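Here is what each chain is made of, one letter per residue.
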Amino acid sequence: MADSNPQHPAYGLLRQVTPTASVLLADNPGKMTLDGTNTWILQAPGSDECIVVDPGPKDKAHLDAVAASGTVVLTLVTHRHADHTGGLKRFHRKTAAPVRAVGEKFLHGDGVSLADGEVIEAAGLRIEVLHTPGHTADSVSFVLDDAILTGDTVLGRGTTVLDPKDGSLADYLQSLDRLEAAGAGKTVLPGHGPELPDTAEVARAYRAHRRQRLDQVRSALAEIGENAKPMQVVRHVYSDVDKKLWPAARMSVKTQLAYLRES
């Protein structure tokens, strides 16, 4: 049974967040995962069936606890990163529920790739798939009546790192626009960090922050040269950030430089 009393972070406790969404926090804190990865369990009130979003890392205790939360009829994946997908194979073997994601390598059972705009009806719920690339190319969000599961596109605290392997700032800004349009009054249910009250408001704040960082990158380039390397820019723009986080900042700077140099 979900415990509605604790607040984030609450390891090992199924915490009710909205009438249809509960969260189990994986015990995998780190520089890139904040307090850990949120695994979301979605089910209509009174239903024994549930949908699991992002089973999390390959952690037997966590995966067993998620599987015990109800009869899992579907597993959904927000994006490819291992802290969200590392436990997929084990979880599928345990539940036999189909696994759906954008990337084909993460599909299991009779799961098929997620499509932008499709509506999923399961566990008494109606969920719209919203393609929100930028953090990664395969990032999606899931829109409920009263909330949006944002994966790593919007976090419960801090800002999102854009993965230069396939992330794009142009895509990310468009995704923030989509979340703003879809998210007025809807709770943010993020992949990391605590829930937030209004997706549209958070998306606007994220966009303003990105625009501010872009201005800072432009100023840095004007000072140190248009051909500056990413880490040179990090030292100028992210001087207020803990140096332990500079490798992550470098990832975002690479995407910022690509955006400026391609526009």
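What counts as what
Residues numbered from 1 in each chain as written. Predicted model: local features only at pLDDT ≥ 70, side-chain atom pairs only at ≥ 80, totals over all residues. Heavy atoms only, no water. Axes fitted to C-alpha atoms, helices over the stretch in contact; angles between N-to-C directions. Helix = DSSP H or I, 4+ residues; strand = E, 2+ residues; numbered from the N terminus. Parallel < 35°, antiparallel > 145°, perpendicular 65-115°, else oblique. Left-handed = near helix turned anticlockwise from the far one by under 90°. Contact = heavy atoms within 4.5 Å. Nonpolar A, V, L, I, M, F, W, Y, C, P; charged D, E, K, R; others polar. Expected span 1.5 Å × (residues − 1). Buried < 20%, exposed > 50% of the residue type's maximum accessible area, 1.4 Å probe, protein only. Core = buried A, V, L, I, M, F, W, Y, C linked by side-chain atoms within 4.5 Å. Pairing = 2+ DSSP bridges.

Caption draft 1: Broad picture of the packing of helix 1 (residues 60–67) against helix 3 (residues 88–95). At their nearest, the axes of helix 1 and helix 3 sit 10 Å apart, and the two run at 40° to each other. Taken as axis vectors, helix 1 and helix 3 run oblique relative to one another. The two elements helix 1 and helix 3 meet at a crossing, and its hand is right-handed. When helix 1 is examined against helix 3, the residues Lys 60, Leu 63, Asp 64, Val 66 and Ala 67 are found in contact with a partner set consisting of Arg 90, Phe 91, Lys 94 and Thr 95. Of the residues belonging to the contact of helix 1 with helix 3, the class tally is four nonpolar, one polar and four charged.

Caption draft 2: Looking closely at helix 7 (residues 246–262). Over its 17 residues, helix 7 extends 24 Å from the first C-alpha to the last, a length consistent with the 24 Å expected when each residue adds 1.5 Å. Along helix 7, the positions that sit buried rather than exposed are Trp 246, Ala 248, Ala 249, Ser 252, Val 253, Thr 255, Gln 256, Leu 257 and Leu 260. Buried residues along helix 7 sit in contact with helix 4 (169–182), helix 5 (199–224) and helix 6 (230–237).

Caption draft 3: Layout of the nonpolar core. Within the largest apolar cluster, 31 residues are counted, with the highest numbers of intra-cluster contacts made by Val 154, Tyr 206, Val 217, Leu 221, Val 233 and Tyr 238. Residue assignment for this core shows that the elements contributing at least two residues are helix 4, helix 5, helix 6 and helix 7. Apart from the residues lying within four places of it in its own chain, the contact partners of Tyr 238 are Arg 213, Val 233, Trp 246, Ala 249, Ser 252, Val 253 and Gln 256. One finds Ile 120, Val 140, Phe 142 and Leu 149 within the second-largest nonpolar core, a separate group that totals 22 residues.

Caption draft 4: A look at the sheet that holds strand 2 (residues 21–25). Pairing within the open sheet is mixed, and its six strands lie in the order 1-2-3-4-5-6. Of all the strands in the sheet, the pair left with one neighbour each is strand 1 (15–18) and strand 6 (99–100). Across five bridges, the pairing between strand 2 and strand 3 (residues 38–42) is antiparallel. By the bridge assignment for strand 3, Leu 25 is matched with Asn 38. Most of the contacts of helix 3 go to strand 5 (residues 71–76), to which it runs at about 150°, and overall it touches strand 4 (49–53), strand 5 and strand 6.

Caption draft 5: Molecular detail of the packing of helix 5 against helix 6. Contact pair helix 5 / helix 6: the axes reach a minimum separation of 9 Å and the direction vectors enclose 115°. Judged by the inter-axis angle, helix 5 sits roughly perpendicular to helix 6. The handedness of the crossing between helix 5 and helix 6 comes out as right-handed. Mapping the contact onto sequence places Arg 213, Gln 216, Val 217, Ala 220, Leu 221, Glu 223 and Ile 224 in helix 5 and Gln 232, Val 233, His 236 and Val 237 in helix 6. Residues belonging to the contact of helix 5 with helix 6 are distributed by class as follows: six nonpolar, three polar and two charged.

So far we have only geometry, and geometry alone does not tell us how the molecule works.
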